Amino acid sequence: MKISELLKTKEVTISCELFPPKKGSELKKAHEVVQEMAKVKPSFMSVTYGASGGISEHTVDLANEVQNVNGVLALAHLTCASSSRDKIQEVLGELRGHKIENILALRGDIPEGLDFPLPGQYHHASELMEEIRAFGDFCIGGACYPEGHPEAESIEADIDNLKRKVEAGCEFFTTQMFFDNNILYNFLYRALKKGIEVPVVAGIMPVTNAKQIKRIASLSGTILPQRFRAIVERFAGHPAALKQAGIAYATEQIIDLIANGVGHVHIYTMNKPDVAGAIFANLSEIYQAKA
């Protein structure tokens, strides 16, 4: 099933993200994470392609594990900043061979020390989307930043870039994490005003580690509202309490989103099935409720 079809229904969807291991020796543990995450029955599970400009050799393998072994719809990430066109064609062929038809197409991080872009290399995610569309029969998703992409000249310029992604074949967007729902609502209004009508999946990250969330926020430019900062600061020295508070905060965000018509949510679980399980348990009836 293509995710674009799923997002057109009135069903509430809650999905999860998985990132592959950096070392091959950790692959067995990653498979175990997939199995545990699948037990909460997410609408789909995305598998990342590597951070900091790297390429994960395990993305296709784990996407296959998600979909064809555990029966959960897989969304495979594919980045192009550090990939040749031949490599992209190779990966597309592998995904098609596993009958994985959903791809989140990203530029990705530029590898440190790389002279970007190299001749004949992709410049933008929209170019990758065009190539995937030409390859044929994939549902293409893209990323968006409710607070604006850190490299964008302005919020308006960033929205214009999203419009180009739609024109290149993007059928839905997944947002970067945010901790103030009003930021998302304002973003959705601006996008709709520009004629962007594809579904938007809201990205939510349950904070379970104070240092980690501050580092991620600094890299992405994500604003931490005072209410959220107070929670992190109050429980930073109490890991179990911070985890419980983070799950509660994320749950509250999701409930507010669904109540206000944003029925598609993606949870950045940082490979923690217990965190995903706790949130799904909190939303058990809401997840099943029809719009």
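A. Structural view of the side chain of Glu 65. For Glu 65, the position within the fold is in helix H3 (residues 59-69). Look at Glu 65: it is buried, it has no salt bridge, and the nearest opposite charge is Lys 39 at 12 Å. Other than its neighbours up to four places away in sequence, Glu 65 contacts His 31, Val 34, Gln 35 and Asn 70.

B. Layout of the environment of Gln 288. Mapped onto the fold, Gln 288 is located in helix H12 (residues 284-288). For the pair Gln 288 and Ala 191, spaced 97 residues apart in sequence, the C-alpha separation works out to 28 Å.

C. A look at the pattern of salt bridges. Taken as a whole and judged by the stated rule, the model has nine salt bridges. The shortest N-O distance in the salt bridge between Lys 194 and Asp 160 comes to 3.1 Å. Of the two residues, Lys 194 sits in the loop between helix H7 (181-193) and strand E7 (200-204) while Asp 160 sits in helix H6 (residues 155-168), which places them 34 residues apart along the sequence. Residue class for Lys 194 comes out partly exposed when judged on its relative accessible area of 33%.

D. Representation of the sheet that holds strand E6 (residues 172-175) in the model. Pairing is parallel in the closed barrel, where eight strands are placed in the order E1-E2-E3-E4-E5-E6-E7-E8. Within this sheet the neighbouring strands show an average axis-to-axis angle of 30°, counted without direction. Of the strand pairs in this sheet, E6 and E7 are connected by two bridges, and their pairing is parallel. Its bridge partner lying in E7, Thr 174 is registered against Val 201. Each of E7 and strand E8 (264-267) touches helix H10 (residues 239-259); the most contacted strand, E7, lies at about 160° to it.

E. Focus on the nonpolar core. With 65 residues, the main nonpolar core has Leu 78 and Ile 132 as its most contacted residues. When residues of this core are assigned to their parent elements, the largest contribution, six residues, is made by helix H2 (residues 27-38). Grouped together as the second largest cluster of nonpolar side chains are 16 residues, Phe 179, Ala 210, Val 232 and Leu 242 included.

F. Geometry of the side chain of Thr 251. With respect to the helices and strands, Thr 251 occurs in helix H10. Leaving out residues up to four positions away in the same chain, Thr 251 has contacts with Ile 279, Asn 282 and Leu 283.

Definitions and limits used
Residue positions within a chain follow its written sequence, with the count starting from 1. With the structure being a predicted model, the display of local features is reserved for residues of pLDDT at least 70 and the display and counting of side-chain atom pairs for 80 or more, all residues being used for whole-chain, interface and lining totals. Excluding hydrogens and water, the side-chain values take into account all heavy atoms of the structure. In DSSP terms, a helix is any run of H or I states spanning at least four residues, a strand is any run of E spanning at least two, and both are numbered starting from the N terminus. Burial classes follow relative accessibility: with a 1.4 Å probe on protein chains only, a residue under 20% of its type's maximum area counts as buried, one over 50% as exposed, and anything between as partly exposed. Counting rule for charge: Lys and Arg are taken as positive, Asp and Glu as negative, and neither His nor the chain ends is counted. Here, a salt bridge means any Lys or Arg side-chain nitrogen found within 4 Å of an Asp or Glu carboxyl oxygen. Residue contacts are counted whenever heavy atoms from the two residues lie within 4.5 Å of one another. Pairs of strands are assigned from DSSP output, requiring at least two bridges between the strands. The angle between two axes is taken between their N-to-C directions and runs from 0 to 180 degrees, where each axis is a line fitted to C-alpha atoms and a helix contributes only its stretch in contact. By convention a nonpolar core is built from buried Ala, Val, Leu, Ile, Met, Phe, Trp, Tyr and Cys residues, the set being connected through side-chain atoms within 4.5 Å.

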